[in-house]
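Next come the chains, spelled out residue by residue.
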Amino acid sequence: LQQLHVRVKDTRQQDNIEAVPSLAHLTRLTELSIGRTTTEDAELPAQLQSLSMNYCRDVAPVLALQQRQRLTISAKFVEQQQVLELAKLPALQELHLSYSGKRVPAAAAAASTWVLLPQLRGLAVHLARAGAPSKQHKEAILAGAAAAPQLTRLELSCIMAASTQQEHNMTVCGGLVG
């Protein structure tokens, strides 16, 4: 077994996030994709080269994987320092971060650190109409994305009233080109 996609869901409580069991015994596993679960207490295989996590509140299990070359995280942590910790992974060549919904303020707070992540290749920020981000949050996210030196993929999505969509699109494009 070299690739594994894990999604653990409690069908009785849709919002309940279950933990992934220890996978350390899967010694040939090189790619792991974990969706809508946590890894806070799980031991992940040390030889993992590619890890994709759809729900990451704590970077400690991720930082223990020194051989990982590719990392995709839907960031649920808030502190900027945790984002910077990812840059210290010795083998990491490619980092993709995703923020959505309630985590947009965390994206805005972390945006100033993206310039310090030479491995950052992909960034996705999904802004929702409900709990719409402030103008300052949007500006910080755009400035952070524009400053990221190695960013090759940017996905910004915003759900809003059609009457303001064109103005918003022009502002976003203008902010990225300078």
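So, a few notes on the structure that sits alongside this text. (Residues numbered from 1 in each chain as written. Predicted model: local features only at pLDDT ≥ 70, side-chain atom pairs only at ≥ 80, totals over all residues. Heavy atoms only, no water.)

1. A word on the overall build of the protein chain
Counting secondary structure elements, the protein chain contains five helices and seven strands. Sequence-ordered secondary structure for the protein chain, helices as α and strands as β, is β-β-β-α-β-α-β-α-β-α-β-α. Across the protein chain, every contact between residues at least 6 apart in sequence was considered, and the portion connecting residues at least 24 apart equals 47%. (Helix = DSSP H or I, 4+ residues; strand = E, 2+ residues; numbered from the N terminus. Contact = heavy atoms within 4.5 Å.)

2. Some remarks on the packing of aromatic side chains
Taken as a whole, this structure holds one aromatic pair when the rule is applied. Ring centres of tyrosine 99 and tryptophan 114 lie 6.1 Å apart, and the angle between their planes is 40°; on these two criteria the pair is classed as tilted. Residue tyrosine 99 is located in strand 5 (residues 94-100), and its partner tryptophan 114 is located in the loop between helix 3 (104-110) and strand 6 (120-127); the two are separated by 15 residues in the primary sequence. Looking at tryptophan 114, the relative accessible area reads 0%, which means it is buried. (Phe/Tyr/Trp six-rings, centres within 6.5 Å; stacked < 30°, edge-to-face > 60°. Buried < 20%, exposed > 50% of the residue type's maximum accessible area, 1.4 Å probe, protein only.)

3. Focus on the side chain of serine 50
Inspection of the secondary structure assignment puts serine 50 in strand 3 (residues 50-56). Exposure remark for serine 50: the relative accessible area of 18% places this residue in the buried category.

4. Thoughts on the pairing of strand 5
Counting buried positions along strand 5 yields five of seven residues, so the element is predominantly enclosed. When strand 5 meets strand 6, the two strands line up parallel, connected through six bridges. When the bridges of strand 6 are listed, leucine 97 appears paired with leucine 123. For the crossover that starts at strand 5, traverses helix 3 and ends in the parallel strand 6, the hand is right-handed. (Pairing = 2+ DSSP bridges. Right-handed = clockwise from strand over helix to strand, strands pointing away.)

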